[in-house]
Amino acid sequence: MSVSSNASSAGSSISGITSSNDRRSSLGHPNSDSGSDSSELTHILNRRQIIIDSQEAGIEVPQNFKVVNVYTEFHEFSRKQIKDYQKTFNTYDIGRDGYLDLTELKYMMEKLGAPQTHLGLKQMIQEVDEDNDGKISFREFLLIYRKAQAGELENESGLKQLARLTEINVEEVGVSGAKNFFEAKIEQQLRTNKFHDEIRQEQEERRRQEEEKANRRLLFQQRAAIFQ
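Just so it is clear, the structure is predicted and the values come from calculations on it, not from any experiment.

A word on the UniProt feature "domain: EF-hand" (unreviewed entry) in the protein chain. When the UniProt feature table is mapped onto this chain numbering, "domain: EF-hand" (unreviewed entry) sits at residues 80-115 and 116-151. Taken as a whole, residues 80-115 contains 64% helix and 6% strand, while its terminal C-alpha atoms sit 28 Å from one another. Helix makes up 64% of residues 116-151 and strand 6%, and the two end C-alpha atoms of the span are 21 Å apart.

The subject of this paragraph is the packing of aromatic side chains. If you walk through the whole model with that rule in mind, you get seven aromatic pairs. Arranged with centres 3.9 Å apart and planes meeting at 15°, the rings of Tyr85 and Tyr145 form a pair that is stacked. Linking Tyr85 in helix α4 (residues 79-92) with Tyr145 in helix α7 (residues 138-149), this pair joins segments that are 60 residues apart in sequence. Taking the relative accessible area as the measure of exposure, Tyr85 reaches 14% and is therefore buried. Plain terms: the ring middles of Phe89 and Phe141 are 5.4 Å apart, the flat faces sit at 65° to each other, and that makes the pair edge-to-face. Of this pair, Phe89 sits in helix α4 while Phe141 is found in helix α7, placing the two residues 52 residues apart along the sequence. Phe89 sits in the buried class, given a relative accessible area of 0%.

The element helix α8 (residues 158-165) is extensively covered by neighbouring structure, given that six of its eight residues are classed as buried. For α8, the full list of buried residues reads Gly158, Leu159, Gln161, Leu162, Ala163 and Leu165.

Our focus in this paragraph is the environment of Arg146. Checked against the element boundaries, Arg146 lands in helix α7. When the C-alpha positions of Arg146 and Phe77 are compared, they lie 8.6 Å apart, and in sequence the two are 69 residues distant. Residues contacting Arg146, with those up to four places away along its chain left out, are Glu73, Phe74, Glu76 and Phe77. Of note is the side chain of Arg146, whose polar atom sits 2.6 Å from the side chain of Glu76.

Let's shift gears to the side chain of Thr166. In this structure, Thr166 sits in the loop between α8 and α9 (170-226). With a relative accessible area of 15%, Thr166 lands in the buried category.

Quick look at the packing of helix α6 (residues 118-128) against α8 now. Their axes nearest at 9 Å, the elements α6 and α8 cross at an angle of 80°. Between α6 and α8, the angle falls in the class roughly perpendicular. Every residue of α8 that contacts α6 at Met124, Glu127 and Val128 is listed here: Gly158, Leu159 and Leu162.

Most of the time, phi is negative for any residue but glycine, and the peptide bond is trans. The phi torsion at Arg96 lies on the positive side, around 55°, for a residue other than glycine. Following the sequence through the fold, Arg96 ends up in the loop between α4 and β1 (99-100). Relative accessible area serves as the criterion here: at 47%, Arg96 is assigned to the partly exposed category. Residue Asn132 is not a glycine yet carries a positive backbone phi of 55°. Along the polypeptide, Asn132 turns up in the loop between α6 and β2 (136-137). On the basis of relative accessibility, which here comes to 65%, the residue Asn132 falls in the exposed class.

Cut-offs applied
Residues numbered from 1 in each chain as written. Predicted model: local features only at pLDDT ≥ 70, side-chain atom pairs only at ≥ 80, totals over all residues. Heavy atoms only, no water. UniProt positions renumbered as here; feature names shortened; annotations may be inferred. Helix = DSSP H or I, 4+ residues; strand = E, 2+ residues; numbered from the N terminus. Phe/Tyr/Trp six-rings, centres within 6.5 Å; stacked < 30°, edge-to-face > 60°. Buried < 20%, exposed > 50% of the residue type's maximum accessible area, 1.4 Å probe, protein only. Contact = heavy atoms within 4.5 Å. Polar contact = N/O pair within 3.5 Å; in protein donor to acceptor, adjacent residues only side chain to side chain. Axes fitted to C-alpha atoms, helices over the stretch in contact; angles between N-to-C directions. Parallel < 35°, antiparallel > 145°, perpendicular 65-115°, else oblique.

Right, dumping it as structure tokens:
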């Protein structure tokens, strides 16, 4: 058999395997009802089948496949939080492809009441787009909340607004409701800070009184020593 025939055969085999893999991958889509756990299992089974198919076709498969368990990687979030983030992600993944592209992110920010410019949207994606594919996967979506929790997002940035506004269901309460929610949260924080300030002032006043009392006692002892 000629070299060109071998190349053609190998290409056809790869194409068939890729097509088969695409069909199987759709079963593990993060938007499916089976959830992230079954998605990860499907991912593993897909990889195993790819290796088997490739071996039968005489094709070497590079070991560059990485299975991501978001529950393990993002240990700072509870399972409930991750599932809530997944629900938010799925709401705006209109294409149902497991990614938020620029158009979907644009729609999301408009629905949240914080529309962004085209450049602003691109900057939002770039900040968490670790694989540089120009869109946000669910794992990269979780990075937004990790950065927000760690204080790594600028206060007026698009990602900070996204993280803040998705703490509540804006579609249920509306933009004004979200605004009231965060204003109430800030007010509560201020009240808490004021309470701590008052406690600190009382402690400082008590310490000052104790120091004055100790100084008076020392002065009395010094004066009494003169007459001894």
